[in-house]
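Structural characterization, general
If you want the building blocks of each chain, they are given just below.
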Amino acid sequence: MEYSKRVRIANLAMNCAYCRPLSGCLMSDLKCKQKADILASLDGLTEAGLDRLISFHESCSFRHNLPI
């Protein structure tokens, strides 16, 4: 099953063990939200913006932290 980029980002934000609220990570603003709220907040982004979020998450500098 192929997910859209918005759904992929929502799943990454909800399930990332390294991303913490207020950590400075771009995804941290999405961390404590419900999936529907995350998807709604991503509605305004272009394809390039969604690609940048995914790219940022894949090369996140917070991965050296201990997982939650």
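Residues numbered from 1 in each chain as written. Predicted model: local features only at pLDDT ≥ 70, side-chain atom pairs only at ≥ 80, totals over all residues. Heavy atoms only, no water.

1. Focus: the overall build of the protein
Counted only if it meets this: A run of H or I in DSSP counts as a helix once it spans at least four residues, and a run of E counts as a strand once it spans at least two, with each numbered from the N terminus. When a residue's accessible area, from a 1.4 Å probe over protein chains only, is under 20% of the maximum for its type it is buried; when over 50% it is exposed; and in between it is partly exposed. Note on definitions: a residue-residue contact is assigned when non-hydrogen atoms from the two residues lie within 4.5 Å. Using the Shrake-Rupley algorithm and a 1.4 Å probe, accessible areas are obtained, with residue cover drawn only from the displayed protein chains.
Helix and strand counts for the protein stand at three helices and zero strands. The secondary structure elements of the protein, listed N-terminal to C-terminal, are α-α-α. The burial tally for the protein puts 31% of its 68 residues in the buried class. A fraction of 62% describes how many contacts in the protein between residues 6 or more apart in sequence connect residues 24 or more apart. On the protein, roughly 4500 Å² of surface is accessible, and the fraction owed to carbon and sulfur atoms is 55%.

2. Quick look at the packing of helix α1 (residues 5-15) against helix α3 (residues 47-58)
Helix-helix packing is described using two parameters, namely the angle between the two axes and the distance between the axes. Cut-off, in case you're wondering: With axes taken as lines fitted to C-alpha atoms, and helix axes fitted only over the stretch in contact, angles between N-to-C directions fall between 0 and 180 degrees. Convention used here: angles under 35 degrees read as roughly parallel, angles over 145 as roughly antiparallel, angles from 65 to 115 as roughly perpendicular, and any remaining angle as oblique. Take the far helix as the reference: if the near one is turned anticlockwise from it by less than a right angle, the crossing is left-handed, and if turned clockwise, right-handed. Here the nonpolar group is Ala, Val, Leu, Ile, Met, Phe, Trp, Tyr, Cys and Pro; Asp, Glu, Lys and Arg are the charged ones; every other residue, Gly included, is treated as polar.
At a closest axis distance of 10 Å, the pairing of α1 and α3 adopts a crossing angle of 30°. Taken together, the axes of α1 and α3 lie roughly parallel to each other. The hand of the α1/α3 crossing is left-handed. Taking contact as the criterion, the partners of Lys5, Arg6, Arg8, Ile9 and Leu12 in α1 are, on α3, Glu47, Leu50, Asp51, Leu53, Ile54, His57 and Glu58. Broken down by class, the residue content of the contact of α1 with α3 amounts to five nonpolar, one polar and six charged.

So yeah, pure geometry; function would need other evidence.
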